[in-house]
Amino acid sequence: MDSSEAKELASSSKVMENHEKESENDKITGIPTEEEEKVIPLKKKMTEEGGGEIKEVACEKETVQREKCQDKNTCRCSQLEAEPIKDNRQLLEFRVRSRDIDWRRYVLPLDTSVRTTPVYLDRQADFVGSPRRQVTEDNRRELLVCHDMMGNYLEDRHFHSSQKYDDYRFVHWSAVDYFCYFSHDYVTIPPCGWLNAAHRHGVPVVGTFIVEATARLDEFLATEESVESTVEALTRLCEHFGFEGWLVNVEVTVPRTKMPSLYRFVRQLTAATESRVPHGRVFWYDSVTDDGQLRWQNELNSRNAEFFRHSHGTLINYAWDEGHLERSAQQVRREQSPRHRVFMGLDVFGRSRKGGFHSRETMELIAKNGFSAGIFAPGWTFETLNRFGYNIKNPRGDDQVNASFLARNEAWWTRIWPTLATHPYTSLPFFTDFCVGSGRAKFERGWRLSGEDSPFFNLSRQSLQPSVPLDRNAMHHFDEAYSGGCSLLVTNYERAFRLFVTDFELTRGVLLLRYIFKIDGDAVATMFDLLVRVTPLRRNDQDLHLFCGDYEGSIVAPQRCYLSPLESDLPSGLFRLHQDSGSLAAGWQMRDYLVKFDGPVRVQDIGVKWQRPAESSTEAKLGVVYVDGLSLEDLRGTWTDIPVYSKHMWNEQRA
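Residues numbered from 1 in each chain as written. Predicted model: local features only at pLDDT ≥ 70, side-chain atom pairs only at ≥ 80, totals over all residues. Heavy atoms only, no water.

Novice: Just checking my understanding: could you explain the overall build of the chain for this structure?
Specialist: Looking only at helices and strands, one finds 12 helices and 32 strands in the chain. Within the span of the chain, comprising 655 residues, buried residues form 60% of the whole. Of all intrachain contacts in the chain linking residues separated by at least 6 positions in sequence, the fraction that spans at least 24 positions is 77%. For the chain, the accessible surface area stands at approximately 26,600 Å², while carbon and sulfur atoms represent 46% of it. (Helix = DSSP H or I, 4+ residues; strand = E, 2+ residues; numbered from the N terminus. Buried < 20%, exposed > 50% of the residue type's maximum accessible area, 1.4 Å probe, protein only. Contact = heavy atoms within 4.5 Å. Areas by Shrake-Rupley, 256 points an atom, 1.4 Å probe, with all protein chains shown as cover.)

Novice: Hey, could you run me through the nonpolar core in this one?
Specialist: A general trend in soluble globular proteins is that nonpolar side chains are found buried together. Leu 237, Leu 262 and Phe 265 are the most contacted members of the largest nonpolar core, which totals 122 residues. When sequence neighbours within four positions are dropped, the list of residues in contact with Phe 265 reads Phe 209, Phe 220, Val 227, Thr 230, Val 231, Leu 234 and Val 248. Within the second largest apolar cluster, 44 residues are counted, among which are Leu 513, Ile 519, Val 625 and Met 649. (Core = buried A, V, L, I, M, F, W, Y, C linked by side-chain atoms within 4.5 Å.)

Novice: What should I look at first to understand the side chain of Asp 177 in this one?
Specialist: Tracing the sequence through the fold places Asp 177 in the loop between strand 5 (143–147) and strand 6 (178–181). Arg 115 provides the closest opposite charge to the buried, salt-bridge-free Asp 177, at an N-O distance of 4.5 Å. At 2.9 Å, the side chain of Asp 177 and the backbone nitrogen of Leu 143 are in polar contact. Side-chain polar atoms of Asp 177 contact the side chain of His 423, separated by 3.0 Å. Contact partners of Asp 177, with chain neighbours within four places excluded, come to Arg 115, Arg 141, Glu 142, Leu 143, Val 203, Pro 204 and His 423. (Lys, Arg positive; Asp, Glu negative; His and termini not counted. Salt bridge = Lys/Arg side-chain N within 4 Å of Asp/Glu carboxyl O. Polar contact = N/O pair within 3.5 Å; in protein donor to acceptor, adjacent residues only side chain to side chain.)

Novice: I tried to follow the pattern of salt bridges on my own but got confused; where do I start?
Specialist: For the coordinates displayed, the defined rule picks out 40 salt bridges. A single network of salt bridges, built from pairs that share partners, joins Arg 132, Arg 498, Arg 533, Asp 543 and Asp 605.

Novice: Quick question: what am I supposed to make of the state of the cysteines here?
Specialist: Note on terminology: a disulfide is the covalent bond linking the sulfur atoms of two cysteines. With the rule as written, the count across this model stands at 0 disulfides. Between Cys 180, a cysteine without a disulfide, and Cys 146, which holds the nearest cysteine sulfur, the sulfur-to-sulfur distance is 4.0 Å. Residue Cys 180 is classed as buried on the basis of its relative accessible area of 1%. (Disulfide = S-S within 2.5 Å.)

Novice: In this structure, what is going on with the packing of helix 10 (residues 359–368) against helix 12 (residues 399–416)? I would like to understand it.
Specialist: In a packed pair of helices, the relevant descriptors are the angle between the two axes and the axis-to-axis distance. It is the contact of helix 10 with helix 12, at a shortest axis distance of 8 Å, that shows an interaxial angle of 30°. Crossing of helix 10 over helix 12 shows right-handed handedness. Counting all contacts with helix 10, which are made through Ser 359, Arg 360 and Met 363, the residues of helix 12 involved are Trp 412, Arg 415 and Ile 416. (Axes fitted to C-alpha atoms, helices over the stretch in contact; angles between N-to-C directions. Left-handed = near helix turned anticlockwise from the far one by under 90°.)

Novice: Teacher, can you tell me more about helix 7 (residues 259–276) here?
Specialist: Two residues of an α-helix separated by three or four positions point the same way, owing to the 3.6 residues in each turn. Spanning 18 residues, helix 7 covers 26 Å between terminal C-alpha atoms, matching the ideal 26 Å at 1.5 Å per step. All buried positions along helix 7 are accounted for by Met 259, Ser 261, Leu 262, Tyr 263, Arg 264, Phe 265, Val 266, Leu 269, Thr 270, Ala 272 and Thr 273. Next to the buried residues of helix 7 lie strand 8 (205–211), helix 5 (214–220), helix 6 (224–241), strand 9 (245–250), strand 10 (281–285) and helix 8 (305–309). (Expected span 1.5 Å × (residues − 1).)

Novice: Any chance you could explain the confidence of the model for the chain here in plain terms?
Specialist: Any residue range with low pLDDT should be treated as having predicted coordinates unsuitable for detailed reading. Residues with a pLDDT of 70 or more make up 85% of the chain, whose mean pLDDT is 87. Predicted confidence is poor over residues 1–75, with pLDDT under 50, and the contacts of this stretch with residues over four places away or in other chains come to 156 contacts. (pLDDT = per-residue confidence, 0-100.)

Novice: Looking at this structure, I do not really get the sheet that holds strand 17 (residues 447–448). What am I missing?
Specialist: One open sheet holds the 3 strands; their spatial order is 17-16-20, and the pairing between them is antiparallel. In this open sheet, the two strands that pair with only one neighbour each are strand 17 and strand 20 (483–484). By the bridge criterion, 2 bridges tie strand 16 (residues 443–444) to strand 20 in an arrangement that is antiparallel. Residue pairing in the sheet places Phe 443 in a bridge with Gly 484 of strand 20. (Pairing = 2+ DSSP bridges.)

As structure tokens, then:
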């Protein structure tokens, strides 16, 4: 596929909404065209939304007449549909449909406890012999993902759900430090589905403030009061909708006399976002220079450094070369600032630098020079499927599109992952059913829900996702699920592989593990284990592997322990999940493990090992993983004791 896609890249350009292609070509060379005086509004086909759960709110029709939602489960309230802001009047007067909605009822707050300091993985998918290296201030690199796909505000704009279950979904949150929802509208407000999926994974979300028309610029820079009013209006949007800040992109020439006002705007917006928005961030896009000219520098230098000083970071235009990297490093040293505040751009469509399935080369250059990365348009993996004859606009979704996108997306992220850091999950209890926020139907305890058999796309329903790309080890499976819209079909039956990078502290030395899986076909000579790697709480140079499968009694031995599930159900009060094995649909199996170590430990990896004969077609599906730590005063004799400290059972890792 690489060669054909390379040919396509040579003759194709990315669809740009509200922006002339000539402007993009000039952007690559750094020479601006005559700027547009008017922003052309996006034309979108409005589709009905359905499904999902909604709380009762007032519906505002375009006639400004209001009526109560008659059915909170099927409400198609236009107030809950995401929309951009088109002009200054709409911005300053807060003219948004949802101005009377309390979005705290619908948008999850940013979960800052779900993950911890990132690590670098030498081999991201390997469970055994894949040490991690801690990220420090000296080697820290971050990732800003800029989601720019076909103008955006597509099926993702709905609060509930559309039926286009095959649409673009993002699942590789563990590598992402900031997520930007981008469009070429004046003010881009991220839809709540993206906010909920990102926030659940601990990722801050920023909207886009983009100025592509001189009239817009003149209005908000007219006076000190207009600057302050714009800052106040943008900050109010963050507070109202529950997102964390802005990417500021000024793509028109700024009169020299207005440059002090533009600097003031960026400075005040950053200060207001920091002080009023939890975890607030403002990023500046490499565009205008200190004399107001629209000349993309493709580097950090003295011409754009003032914007760098007044924001949390600068996203550098994607037409850089190795000379730009060297000069950026020199400027960073002059600024006495860490390099990770500079985000070098990669356009996945391959403009100016290698993209597509050759993006790793570009990402390696960024990483080698110690800079953070800003990835433009990762939706390339979905958007370009039409080059190969797929219909990506089927409103009810398509099985082939869904499968091809997911496989292609995993392959792309797998290639660049060695250049990224991974944030371990750290919060207990930990639960996932692997739902990506879409499905052909909805499932509960393995049963297809009656009356819920229509396709759905709702990113708010996305569960915590694997820490590393699945690639050839497993795939999201939509034919059946234990819960949500999909399960995980294991496709690697030769060796163990990693699913989750974790940092779960078990200070009491107690591990509670549950997983739910299904074997389809002849189970003879097959073995399914969930693997857990534990280390001492205060050091990482020793570890112990737990094979949580079904053995003839537990085998507690140095370096590796083979554990059998509990024979009887644990008291329901132990679980923050209230389900019992008798309620599962046919074929689904639940396994519980309760382990007591003789000291505090840390769970650092969770993986899978699935074995079957080479000639077998038996399939294994994983539906749920649940991890928790407990106090066991009243449960003596129920658990498996592992005297890892007193018996010196640790495996000594070698550097």
